[in-house]
Amino acid sequence: MADGRLFRILYYLVEKGGASAPELAREFEVSQRTIYRDIEALSASGIPVYAEPGRGGGIRLLRGYVLDKAALSEEERLELLTTLQSMAATGRAAGSGTLTKLSALFGLDAGNWLEVDFSRWGDFSSDNARFETLKTAVTRHREVLLTYENTAGQRSQRRVQPLKLAFRSKEWYLKAFCLERQDFRIFKLNRIAALTLTDTAFVPRPYPTGEIGPQPQFPELVLRFPPELGWRAWDEFDPARIERQPDGSLIARARMPVDGWLLGYLLSLGPRVRVLEPAYLRGMLADAAKEIYEQNRE
């Protein structure tokens, strides 16, 4: 703990330019005597830190000292800058400002290597705004009101306590405690039709590990992809459940619920991908394709 506190005191002094012993004691929740011992330890390790007595004095670093001289390897400094770069890429202004300052102090540049855009293709700037609102709700523990549309096209009004933003299988989800259901729920961000950040604060509940609620046993879906569409299998299925056949085709397996979403997904694969199992799904898929044909023919 002491080593971690020394490191934090050092960065605090770099950021603030200096601080009094009482200020540091309050900031790090230790006694002033402990602060003075920490300053002695920093000095003994080669950090040019000193105390100025009298009114307006305090604990300071020697002018011109930069963090490049601290006990951080180049790899560690780059790792820190990389973390800040990822924060800045998500639109966090504080991350961007800190990145600029530490890059100058370290004399290093992590490079603008990462870009994150939470919007869908097209003009969906509201997606980014939605993400920022939910990020604020999660980090500041504020309840939100949302209008949510489920897979059946039904809308409901919810008041939730946002706990986590999660990315899984190309989609963003909100993990939250729903006050209407009095239980944990997962909401797909793209299905949140309206969102309002409230002033009501809450104490975060520990989010349960694993899946939420009883999990049904979905049937196993088995698809055959021709060689020219193999990339679709690699993009969307677990590589451990893909088998290459002698003719170059791929057999992909996954357990999935048989519903309208699955039929739409299978139709998006086109006529070259064949459903091997479950057999009854082929009839459902043919009926759906026929209905599309009837509705769109001239």
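Residues numbered from 1 in each chain as written. Predicted model: local features only at pLDDT ≥ 70, side-chain atom pairs only at ≥ 80, totals over all residues. Heavy atoms only, no water.

### Some remarks on the sheet that holds strand 11 (residues 274–277)
Across the sheet, four strands lie side by side as 9-10-8-11; this open sheet has antiparallel pairing. Two strands in the sheet have a free side with no partner beyond their single neighbour: strand 9 (242–244) and strand 11. Sheet twist, expressed as the mean angle between neighbouring strand axes with direction ignored, is 25°. In this structure, strand 8 (residues 220–225) lies alongside strand 10 (residues 250–255), joined through six bridges in antiparallel fashion. Looking across to strand 10, one finds that Arg-224 is bridged to Ile-251. With respect to the sheet, helix 9 (residues 280–296) is in contact with strand 8 and strand 11, its orientation differing from that of strand 11 by roughly 150°. (Pairing = 2+ DSSP bridges. Helix = DSSP H or I, 4+ residues; strand = E, 2+ residues; numbered from the N terminus. Axes fitted to C-alpha atoms, helices over the stretch in contact; angles between N-to-C directions. Contact = heavy atoms within 4.5 Å.)

### Brief notes about helix 8 (residues 260–268)
Taken residue by residue, helix 8 has Leu-262, Leu-263, Tyr-265 and Leu-266 as its buried positions. Viewed along the axis of helix 8, the buried residues span an arc of 160°, placing them on a single side of the element. Against the buried residues of helix 8 lie strand 8, helix 7 (230–236), strand 11 and helix 9. (Buried < 20%, exposed > 50% of the residue type's maximum accessible area, 1.4 Å probe, protein only. Arc of directions from axis to C-beta.)

### Here we look at the nonpolar core
Within the largest apolar cluster, 20 residues are counted, with the highest numbers of intra-cluster contacts made by Leu-221, Leu-223, Phe-225, Phe-237 and Leu-266. Sorting the residues of this core by element identifies strand 8, strand 10, helix 8 and helix 9 as the ones contributing at least two each. Among the elements that make up this core, the one with the highest residue count is helix 8 (four residues). Other than its neighbours up to four places away in sequence, Leu-266 contacts Leu-221, Leu-223, Val-275, Leu-281 and Leu-285. Counting 17 residues, the second-largest nonpolar core is a separate cluster that includes Ala-19, Ala-25, Leu-42 and Ile-59. (Core = buried A, V, L, I, M, F, W, Y, C linked by side-chain atoms within 4.5 Å.)

### Focus: the environment of Leu-276
Counting through the fold element by element, Leu-276 comes out in strand 11. Along the backbone, Leu-276 and Arg-224 are 52 residues apart, and their C-alpha atoms lie at a distance of 6.9 Å. Excluding residues that lie within four positions of it along the chain, Leu-276 makes contacts with Val-222, Arg-224, Ile-251 and Arg-282.

### Some remarks on the sheet that holds strand 6 (residues 183–188)
One open sheet accounts for five strands, arranged 6-5-4-3-7; its pairing is antiparallel. With partners counted over all chains shown, the strands left at the sheet margins are strand 6 and strand 7 (192–201), one partner each. Ignoring strand direction, the axes of neighbouring strands in this sheet form an average angle of 45°. Where strand 4 (residues 155–168) lies against strand 5 (residues 171–178), eight bridges are found, and the strand directions are antiparallel. Residue pairing for strand 5: Pro-162 is matched across the bridge by Ala-176.

### A look at the packing of aromatic side chains
All chains considered together, the criterion is met by six aromatic pairs. Here the aromatic rings of Phe-131 and Trp-172 are separated by 4.9 Å at their centres, their planes lie at 75°, and the arrangement is edge-to-face. Here Phe-131, found in helix 6 (residues 125–140), pairs with Trp-172, found in strand 5; they are 41 residues apart in sequence, far enough to count as distant. By relative accessible area, Phe-131 is classed as buried at 5%. Aromatic ring contacts, followed pair by pair, group Phe-177, Phe-184 and Tyr-207 into a single cluster. Taking NZ or CZ as reference, Arg-205 lies 3.6 Å from the ring centre of Phe-177, over its face. (Phe/Tyr/Trp six-rings, centres within 6.5 Å; stacked < 30°, edge-to-face > 60°. Lys NZ or Arg CZ within 6 Å of the ring centre and 35° of its normal.)

### A look at unusual backbone geometry
Note the cis peptide between Glu-277 and Pro-278, where omega equals -10°. In this model, Glu-29 sits at a positive phi of 55°, which is unusual for a non-glycine residue. Mapped onto the elements, Glu-29 comes out in the loop between helix 2 (21–28) and helix 3 (32–44).

### Description of the pattern of salt bridges
Counted by the stated rule, this structure contains ten salt bridges. The salt bridge involving Arg-253 is made with Glu-220; its shortest N-O contact spans 3.8 Å. Of this pair, Arg-253 sits in strand 10 while Glu-220 sits in strand 8, and the two are 33 residues apart along the sequence. Each of Glu-220, Arg-241, Glu-243 and Arg-253 takes part in salt bridges that share partners, so that together they form one network. (Salt bridge = Lys/Arg side-chain N within 4 Å of Asp/Glu carboxyl O.)

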